[in-house]
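Chain by chain, the residues:
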Amino acid sequence: PPLAKAFWFVLLAVVARLTVFARRRSGGNFASVDASAGAEVILVLLSLLLVVQSCRVPVILGTRNRGGVFVFTLALGLGVLSSIWSPLPAYSGYRAVSVTSQFLAVMAALSYEPDFLRAEWRFLQVACAVLVMQMISLGGLIGFLRGPLLHNNTLTNSAAMAACYCLAEALSPVASTRRKRALRIVGIGALAMVVLGTSSGSNVALLVGMLCATLLVRRPGLFALLAVIGIAGYLFLQMEVIQDVLFPGKTLEQIRTMRGRTGLWAMYLERAMDHLWFGEGYAASVRLAEVYSTNTHNSFISFLLG
């Protein structure tokens, strides 16, 4: 339907704004609204208008077996509400509304698909488009394959999620031949991006995700095989080899502190304890803490702070 096409157009336009047309600016200007930020605001408003026009929110939140969707939407609603007591009310309000609008828009767009297989095919198309735009933002294929753009955790983050889903579903015993082929192509391509991106966090997340996924698709034998391979590698390979594969270019100290992230988390947890009941406001703490950052690098701490 035309409304479904409008959803995907606006959603991909937001992705393009955050990837291909991303721009860097100093930390003190994070809340200023320039032409690029203004374009993003317009796209977010369009997403909200489409969500309202579609009248799909009751369908999204009311469908059986979608308790997780309802809980996540409720959490985002709390984020919007937190703008009331946030020290950055306009910023917290906009960021929370932005994420909420994009999530509801994705769910509404997928709800137009007639069945699961068509929805999955749409997901694969959109996932590929997102990965391509992220690669373009890193300088295209040639730029991605040469340093210093080779190491990143933006493209590899999306690629790890796509690889875990696609490769696990391709192992599903009920998958058709055509479906398996599409899942394998996207999954192997995403896996290659994770390997080339040399992000330690994405490498570990990919392994853990695949282990969990093999159980979710009811392949306990494959889970056992992967576990045995992992244990054998740990027992018979030198630790330096494992370190170079999983944590390329990292020293033991960088692995232990996750390149300074554990220090950030300790600082954020102190702020969370100071605002334990209501949080400090959606996306506000990382901008106001002693050490400026764009995100907490930890979803659970983000929720506590927000």
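Residues numbered from 1 in each chain as written. Predicted model: local features only at pLDDT ≥ 70, side-chain atom pairs only at ≥ 80, totals over all residues. Heavy atoms only, no water.

1. Concerning the packing of helix H1 (residues 2-18) against helix H5 (residues 89-111)
Thinking step 1. Direction vectors running N to C along H1 and H5 enclose 145°, while the axes themselves pass 9 Å from each other. For the crossing formed where H1 meets H5, the hand is left-handed. Touching Phe 7, Trp 8, Leu 11 and Val 14 of H1 are Gln 102, Ala 105, Val 106, Ala 108, Ala 109 and Leu 110, all from H5.
Thinking step 2. Partitioning the contact of H1 with H5 into residue classes produces 9 nonpolar, 1 polar and no charged. (Axes fitted to C-alpha atoms, helices over the stretch in contact; angles between N-to-C directions. Helix = DSSP H or I, 4+ residues; strand = E, 2+ residues; numbered from the N terminus. Left-handed = near helix turned anticlockwise from the far one by under 90°. Contact = heavy atoms within 4.5 Å. Nonpolar A, V, L, I, M, F, W, Y, C, P; charged D, E, K, R; others polar.)

2. Brief notes about helix H9 (residues 177-197)
Side chains three or four residues apart in an α-helix point the same way, a direct result of the helix having 3.6 residues per turn.
Thinking step 1. With 21 residues, H9 ought to run about 30 Å at 1.5 Å a step, and its terminal C-alpha atoms sit 30 Å apart, in line with that.
Thinking step 2. What H9 keeps buried is the set Arg 179, Ala 182, Leu 183, Val 186, Gly 187, Ala 190, Met 193, Val 194 and Gly 197. The arc that holds the buried residues of H9, viewed along the axis, is 115°, so those residues lie on one side. Turned more than 90 degrees away from the buried face of H9 sit Thr 177, Arg 178, Ile 185, Ile 188 and Val 195, all of them exposed. (Expected span 1.5 Å × (residues − 1). Buried < 20%, exposed > 50% of the residue type's maximum accessible area, 1.4 Å probe, protein only. Arc of directions from axis to C-beta.)

3. Here's the deal with the pattern of salt bridges
Thinking step 1. Applying the stated criterion to the full structure yields 5 salt bridges.
Thinking step 2. Linking Arg 17 and Glu 40 is a salt bridge whose minimum nitrogen-to-oxygen distance equals 3.2 Å. Of this pair, Arg 17 sits in helix H1 while Glu 40 sits in helix H2 (residues 35-54), and the two are 23 residues apart along the sequence.
Thinking step 3. Residue class for Arg 17 comes out buried when judged on its relative accessible area of 10%.
Thinking step 4. When the shortest N-O distance is used, the salt bridge between Arg 179 and Glu 169 registers 2.6 Å. One end of the pair, Arg 179, is in helix H9; the other, Glu 169, is in helix H8 (residues 155-170), and 10 residues separate them in sequence.
Thinking step 5. Under the relative-accessibility criterion, Arg 179 is labelled buried at 12%.
Thinking step 6. Exposure remark for Glu 169: the relative accessible area of 19% places this residue in the buried category.
Thinking step 7. One network of salt bridges, in which partners are shared, links Glu 120, Glu 169 and Arg 179. (Salt bridge = Lys/Arg side-chain N within 4 Å of Asp/Glu carboxyl O.)

4. Structural notes on the environment of Cys 55
Thinking step 1. Mapped onto the secondary structure, Cys 55 falls in the loop between H2 and helix H3 (57-62).
Thinking step 2. According to the relative accessible area criterion, Cys 55 is exposed, its value standing at 58%.
Thinking step 3. Counting along the chain gives 176 residues from Cys 55 to Ile 231, while the straight-line C-alpha distance between them is 51 Å.

5. Observations concerning the packing of H1 against helix H6 (residues 116-137)
Thinking step 1. It is at 10 Å that the axes of H1 and H6 come closest, and there the two elements cross at 25°. The angle between H1 and H6 falls in the class roughly parallel. In the crossing of H1 with H6, the sense of the turn from one axis to the other is right-handed. Along the contact surface, H1 presents Trp 8, Leu 12, Val 15 and Ala 16, while H6 presents Arg 122, Val 126, Ala 129, Val 130 and Met 133.
Thinking step 2. For the contact of H1 with H6, the per-class residue count stands at 8 nonpolar, no polar and 1 charged. (Parallel < 35°, antiparallel > 145°, perpendicular 65-115°, else oblique.)

6. What about the nonpolar core?
Thinking step 1. With 23 residues, the main nonpolar core has Phe 7 and Phe 103 as its most contacted residues.
Thinking step 2. Contributions of two or more residues to this core are made by H1, H2, helix H4 (67-81), H5 and H6.
Thinking step 3. The leading source of residues in this core is H5, at 7 residues.
Thinking step 4. Discounting chain neighbours no more than four positions away, the residues touching Phe 103 are Val 69, Phe 72, Thr 73 and Leu 76. (Core = buried A, V, L, I, M, F, W, Y, C linked by side-chain atoms within 4.5 Å.)

7. Remarks on the packing of aromatic side chains
Thinking step 1. Evaluation of the coordinates by the stated rule reveals 4 aromatic pairs.
Thinking step 2. Above the ring of Tyr 112, the side-chain terminus of Arg 56 is found at 4.0 Å from the ring centroid. (Phe/Tyr/Trp six-rings, centres within 6.5 Å; stacked < 30°, edge-to-face > 60°. Lys NZ or Arg CZ within 6 Å of the ring centre and 35° of its normal.)

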